[in-house]
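Chains, contacts and geometry: an overview
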Amino acid sequence: MSLALITGSCGLVGSESSLFFSKKGFQILGIDNNARKFFFGKDGDVSWVKSKLKKEIKNYKHYNVDIRNYDSLKKIFNKFKKKISVIIHCAAQPSHDWAKNKAFIDFEINAKGTLNLLELTKIYCPDAPFIFMSTNKVYGDNPNKLPLVEKSTRWEIKNSHKFKNGIDESMSIDDCTHSFFGTSKSYADLIVQEYGVNVGLKTACFRAGCITGPNHSGAKLHGFLSFLVKSSLKLNTYNLIGYKGKQVRDNIHSNDLVSCFWQFFKKPRYGEIYNTGGGRFSNCSIIEALNILEDYTGKEIRKKLIKKNRIGDHIWYVSDMKKFKKHYPKWKQIYSTKKILHELIDNFEK
């Protein structure tokens, strides 16, 4: 049986990957030490996802290992060696705000942890595709330098701009402010590319925007749509932080994202980068997301506007996936923002 080694296996993308690849006949080696609980408290606790995976996946093997610990990771790689058919690296410290106050821990997890995994892949299973969950935050605040127009419920880019269909991989990651999180993830992104181009591993960086789905343990500092639904329905209020609540996010469902991973696994390349998100098919401002929630539930949500924006917050970010679609034309996107929100609401109300 083929083995899929998945870090952050109890997080949103990791758990979706575990379920997806198990249905394809893979045995899952899940690595997750529930660091989200350490980052975000009880809202971030993923122990419920771990229980779900153990219940639903017959061939799921869990390792409570910290990816900063090279020797602990080495034991796993040494045990399974070339039986490992794919590495899906989702484990991370994912918050701008958290990273600012804990810069060493953030860098060690996001940067050193990624380097550990790449080096062990090179030594023990060099033919296995290495799929890295990167972020659009590698572009820092460069997206905020685009010519934007304020509309009634959102900011929007000018129709004449080359990024009118979304931001592609040609955007520079230089000459901008990244945030500490964006910096540590940029190192990881670059080193994943380097192991592809210079070492010969089959690597890909998926630079995602907002990822969501029913397995998301959304918290105040991370998990836009999940936390929006949770806090709005629980407290009947939501804080609009900066930019009048009109900042735009594209939203990709974790299942659509993992189906990208599957396409790459079947036909891997070397040192690739892909902007990955909902694109023009699935995006919304915070105000628009709240409007969808109110329309679907019939509840009116109180909105509190906080003028000061969060550091590193994008005013408008929509992904252009034309490069990935060109390489993998069989990939199909299923979930729109409205469909994603309806699913999150239905799961919350169960």
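Everything quoted here is computed from the prediction, not taken from an experiment. (Residues numbered from 1 in each chain as written. Predicted model: local features only at pLDDT ≥ 70, side-chain atom pairs only at ≥ 80, totals over all residues. Heavy atoms only, no water.)

Within this structure, the stated rule accounts for 22 aromatic pairs. Aromatic side chains Y274 and F324 sit 5.2 Å apart centroid to centroid with 90 degrees between the ring planes, which places their arrangement in the edge-to-face category. With Y274 in strand β12 (residues 272-276) and F324 in helix α11 (residues 322-327), this pair connects stretches of sequence that are 50 residues apart. Since its relative accessible area comes to 0%, F324 is described here as buried. Assessed through its relative accessible area of 0%, Y274 is described here as buried. Over the ring of Y63 we find K61, and its NZ or CZ is 5.7 Å from the ring centre. (Phe/Tyr/Trp six-rings, centres within 6.5 Å; stacked < 30°, edge-to-face > 60°. Helix = DSSP H or I, 4+ residues; strand = E, 2+ residues; numbered from the N terminus. Buried < 20%, exposed > 50% of the residue type's maximum accessible area, 1.4 Å probe, protein only. Lys NZ or Arg CZ within 6 Å of the ring centre and 35° of its normal.)

The strands making up a sheet associate through hydrogen bonds between their backbones, and the pairing can be parallel or antiparallel. The sheet built from 7 strands is open, its strands ordered β3-β2-β1-β4-β5-β8-β12 with parallel pairing. If you trace the sheet from one side to the other, it starts and ends with β3 (60-63) and β12, each paired once. Each neighbouring strand pair of the sheet contributes to a mean axis angle of 20 degrees, computed without reference to strand direction. As judged from the 6 bridges shared by strand β5 (residues 130-135) and strand β8 (residues 203-208), these two strands associate in the parallel manner. Each residue of the ladder has a partner; that of S134, found in β8, is R207. (Pairing = 2+ DSSP bridges. Axes fitted to C-alpha atoms, helices over the stretch in contact; angles between N-to-C directions.)

Extensive coverage of β5 is indicated by the burial of 6 of its 6 residues. Residues F130, F132 and S134 line one face of β5 and the alternating positions I131, M133 and T135 line the opposite face, and both faces are buried.

Relative to the assigned elements, Q263 resides in helix α9 (residues 254-266). Contact partners of Q263, with chain neighbours within four places excluded, come to F324, Y328, K330 and W331. (Contact = heavy atoms within 4.5 Å.)

Moving on to the pattern of salt bridges. Inspection of the entire model under this criterion finds 16 salt bridges. Of the charged contacts in the structure, one is a salt bridge between E150 and K244, with a shortest N-O distance of 3.0 Å. Linking E150 in strand β6 (residues 148-150) with K244 in the loop between β10 (237-241) and β11 (248-253), this pair joins segments that are 94 residues apart in sequence. Residue K303 is joined to E294 by a salt bridge in which the shortest nitrogen-to-oxygen separation is 3.0 Å. Given the relative accessible area of 38%, K303 is considered partly exposed. Residue classification places E294 among the buried positions, given a relative accessible area of 16%. What you see here is one network of salt bridges that share partners, running through R154, E156, R280 and E288. (Salt bridge = Lys/Arg side-chain N within 4 Å of Asp/Glu carboxyl O.)

Turning our eyes to something else, we now look at the nonpolar core. Counting residues in hydrophobic clusters, the biggest one holds 37 residues, and the most contacted among them are V13, F21, M133, F206 and F261. Of all the secondary-structure elements, those providing two or more residues to this core are β1 (3-7), α1 (12-23), α3 (47-56), β4 (84-89), β5, β8 and α9. The leading source of residues in this core is α9, at 7 residues. Dropping the residues within four chain positions of it, F206 is found in contact with I131, F132, M133, S134, T135, C260, F261, F264, Y274, T276 and F324. In this structure, L3, I31, F39 and L120 belong to the second largest nonpolar core, which totals 34 residues. (Core = buried A, V, L, I, M, F, W, Y, C linked by side-chain atoms within 4.5 Å.)

Geometric values such as these leave the question of function open.
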